[in-house]
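# Results of the structural survey
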Amino acid sequence: MTGSYPNTRLRRSRATGWSRALHRENLITPADLIWPLFVTEGNGVEEPIASLPGVSRWSVDGIVARAKEAVALGIPVVALFPNTQPDRRSDDGAEAHNPDNLMCRAIRAIKDACGDDIGVLTDVALDPYTSHGQDGLLNTDGYVVNDDTVAVLVDQAINQAEAGADIIAPSDMMDGRIRAIRMALEMGDHHNVQIMSYAAKYASAFYGPFRDAVGSGGLLKGDKKSYQMDPANSDEALREVEFDIAEGADSVMVKPGLAYLDIIYRVKQQFGVPVFAYQVSGEYAMLEAASSVGAGDRDALLMEKLLAFKRAGCSGVLTYHAPVAARLLNG
């Protein structure tokens, strides 16, 4: 039933700030944010990323400082991505299994410094470790093979869990990897390690700055369309999510974020599971570029985007703007 004018004036509830706050349907807090961080070698190192203005790679000591900053801001999780040095990369991505690799050292350092005051989410895919920049193993034709890659991803996930990771986030889009990782975690007594599946990860044009950040952009041979999803498809995303939930994912992710709000909404409506969006590097860079030329206020644009994710059904958002947003939300 709807009212009619003038008995009903929808502007009444918008007339004052306190009333707008009272009637607000969606709210974002620092607890809804996950802060992606890039790890590099060295000590006392900060390497600004040209294509991601305001974002840097940090050596492990700097990553610990960022984790402490996140705790102070009320951000509950940091997500780690390594910039593996060229001499550590190989066709088979063997560095992913090294218990003393960049990722594992950063996990241990954060946990030693912050304990359970913050969660650590780790990326599971081979692109930061391969010399060819693909997320998996290649056959002689250059095709990313599925089952052999899954076996390697399982070893990578267990390596991270044993280092102290709280959330394993497979971003590779291989079929069957969630079940294989979940079984390995259970068998390894890592019962409380969560899996956040990149369940609907699209072959997007918005990933360029990220590939610069992890050092895989100049290495990538070919594209990733044989395993990442076609941007034209939405029903397929629901099938991917359904499979991953059945295989043991605790939460799912849609990537990229803003261009795929319809996917986020459909996943939340159909499955009712925790859904996260990744506001990816290209989205971040576009917002920064727009605000730098006066096309809009950076902070206002950012908060409107984050609210769009919440309105679509997200439990949380991975965003490089996490510390900026948290400071705004904290006043």
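To be clear, the structure that these remarks concern was listed above.
Calculation criteria
- Residues numbered from 1 in each chain as written.
- Predicted model: local features only at pLDDT ≥ 70, side-chain atom pairs only at ≥ 80, totals over all residues.
- Heavy atoms only, no water.
- Helix = DSSP H or I, 4+ residues; strand = E, 2+ residues; numbered from the N terminus.
- Rg over C-alpha atoms; globule rule 2.2 N^0.38 Å.
- Buried < 20%, exposed > 50% of the residue type's maximum accessible area, 1.4 Å probe, protein only.
- Contact = heavy atoms within 4.5 Å.
- Areas by Shrake-Rupley, 256 points an atom, 1.4 Å probe, with all protein chains shown as cover.
- Lys, Arg positive; Asp, Glu negative; His and termini not counted.
- Charge placed at Lys NZ, Arg CZ, Asp CG, Glu CD.
- Pairing = 2+ DSSP bridges.
- Salt bridge = Lys/Arg side-chain N within 4 Å of Asp/Glu carboxyl O.

Within the chain one finds eleven helices and ten strands. Relative to the compact-globule value of 20 Å for 331 residues, the chain shows a C-alpha radius of gyration of 20 Å, a close match. Projected onto its principal axes, the C-alpha coordinates of the chain cover approximately 70 × 45 × 40 Å. For the chain, buried positions account for 53% of its 331 residues. Counting contacts in the chain only where the partners sit at least 6 residues apart, residues at least 24 apart contribute 75% of the total. Just so you have it, the chain exposes about 14800 Å², and 50% of that area is on carbon and sulfur atoms. For the chain, the centre of its 31 positive side-chain charges and the centre of its 44 negative side-chain charges are spaced 10 Å apart.

Our focus in this paragraph is the pairing of strand β10 (residues 316-319). In summary, the side chains of a regular strand alternate between the two faces of the sheet. Taking every second residue as pointing to the same face, both faces of β10 are buried, with Gly-316 and Leu-318 on one and Val-317 and Thr-319 on the other. With two bridges joining them, strand β1 (residues 33-39) and β10 adopt parallel strand pairing. Bridging across to β10, Leu-33 finds its partner in Val-317.

What follows concerns the pattern of salt bridges. One pass over the structure, following the stated rule, counts 18 salt bridges. Between Arg-66 and Glu-69 there is a salt bridge, with the nearest N and O atoms lying 3.1 Å from each other. Highlighted residues: Arg-66 and Glu-69, both in helix α2 (residues 60-73), separated by three residues, approximately one helical turn. Put simply, Arg-327 and Glu-69 hold a salt bridge, and the shortest N to O gap is 2.3 Å. Residue Arg-327 is found in helix α11 (residues 322-329), and its partner Glu-69 is found in helix α2; the two are separated by 258 residues along the sequence. A cluster of three or more residues bridged by salt bridges with shared partners is formed by Asp-127, Asp-135, Lys-201 and Lys-224.

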